[in-house]
Amino acid sequence: MNRKEIAIDFLKLAGLGEVNAAFNKYVSEEFIHHNQYFEGSKDALLKAMKDAHDTNPNKSIDIKQCFEDQNTVITHSLVCKADLDIAVVHIFKFNSENKITELWDLGQIIDKDSPNTNGLF
């Protein structure tokens, strides 16, 4: 698998509840993340993602765009939950073994009454 395929598969596995499988398959032991709501370790994000799935699971994840530049992959996705939809950007940094070493995520709740007819995608 190339890095784009790995990033997409990671998001689909982890985002739809297979968090342990996603981390075991694709994440480096040296992994760190930059989500401001959790301590920056691999274990903290793994737990947070599992807890999120248990309390408010995603219904679907649709990766709209995916870009790769050297060791970085960026995805732009639509994440649907029971009560809201979110536009999410993930930035993945990979090591030479194609394992994810660093992750950033930025999300924006989609306003159903937005005046912008272009939408978020």
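If you're wondering where the values come from, they're calculated on a predicted model, not measured in any experiment.

Student: Could you give an account of the layout of surface pockets, with specific residues and numbers?
Tutor: Approximately 900 Å³ is the volume attributed to the largest pocket. Forming the walls of the largest pocket are 33 residues, and the residues nearest its centre are N35, K81, V88, H90 and D105. Listing elements by their share of the lining of the largest pocket, those giving two or more residues are helix 1 (3-15), helix 3 (42-55), strand 2 (58-69), strand 3 (72-81), strand 4 (85-94) and strand 5 (100-109). Considering every element that reaches the lining of the largest pocket, the biggest residue donor is strand 5, with seven residues. Along the lines of polarity and charge, the residues of the lining of the largest pocket split into 19 nonpolar, 12 polar and two charged. In this structure, the second largest pocket encloses a volume near 160 Å³. Lining the second largest pocket, in full, are Q108, I109, I110, D111, K112, S114, N116, G119 and L120. Tallied by class, residues from the lining of the second largest pocket come to three nonpolar, four polar and two charged.

Student: Mind laying out the nonpolar core, listing which residues take part and the relevant values?
Tutor: Ranked by size, the top nonpolar core spans 24 residues in total, and within it F10, F23, F31, F92, F94 and I100 carry the most contacts. At five residues, the largest contribution of residues to this core is made by helix 1. The residues contacting I100, other than those within four sequence positions of it, are F10, Y26, V27, S28, F31, F92, K93 and F94.

Student: Break down unusual backbone geometry for me, citing the residues and quoting the values.
Tutor: Notably, Q70 is not glycine yet its phi reads approximately 55°, a positive angle. Among the structural elements, Q70 can be located in the loop between strand 2 and strand 3. Within the chain, N98 stands out as a residue other than glycine whose phi angle is a positive 60°. Tracing the backbone shows N98 in the loop between strand 4 and strand 5. N98 gets classed as partly exposed once you look at its relative accessible area, which sits at 25%.

Student: Would you mind going over helix 2 (residues 19-26) in detail, with residue names and values included?
Tutor: Every buried residue of helix 2 is accounted for by V19, A22, F23 and Y26. For helix 2, the arc enclosing every buried residue in end-on projection is 100°, short of the 170-degree limit, so these residues lie on one face. Along its buried surface, helix 2 packs onto helix 1, strand 1 (27-33), helix 3 and strand 5.

Student: Which residues make up the sheet that holds strand 3, and what are the values?
Tutor: Overall, mixed pairing links the five strands, which are arranged 1-5-4-3-2 in an open sheet. Because the sheet does not close on itself, it has two edges, and the strands there are strand 1 and strand 2. The average angle at which neighbouring strand axes cross in this sheet is 25°, direction not considered. Taken together, the three bridges between strand 1 and strand 5 define a ladder with parallel strand orientation. Within strand 5, the residue paired with V27 across the bridge is I100.

Criteria and thresholds
Residues numbered from 1 in each chain as written. Predicted model: local features only at pLDDT ≥ 70, side-chain atom pairs only at ≥ 80, totals over all residues. Heavy atoms only, no water. 1 Å grid on protein atoms, 1.4 Å probe; cavity = no way out; pocket = protein on both sides within 12 Å on 5 of 7 lines; lining within 4 Å. Points joined across faces, edges and corners; volume = space filled by probe spheres on them. Helix = DSSP H or I, 4+ residues; strand = E, 2+ residues; numbered from the N terminus. Nonpolar A, V, L, I, M, F, W, Y, C, P; charged D, E, K, R; others polar. Core = buried A, V, L, I, M, F, W, Y, C linked by side-chain atoms within 4.5 Å. Buried < 20%, exposed > 50% of the residue type's maximum accessible area, 1.4 Å probe, protein only. Contact = heavy atoms within 4.5 Å. Arc of directions from axis to C-beta. Pairing = 2+ DSSP bridges. Axes fitted to C-alpha atoms, helices over the stretch in contact; angles between N-to-C directions.

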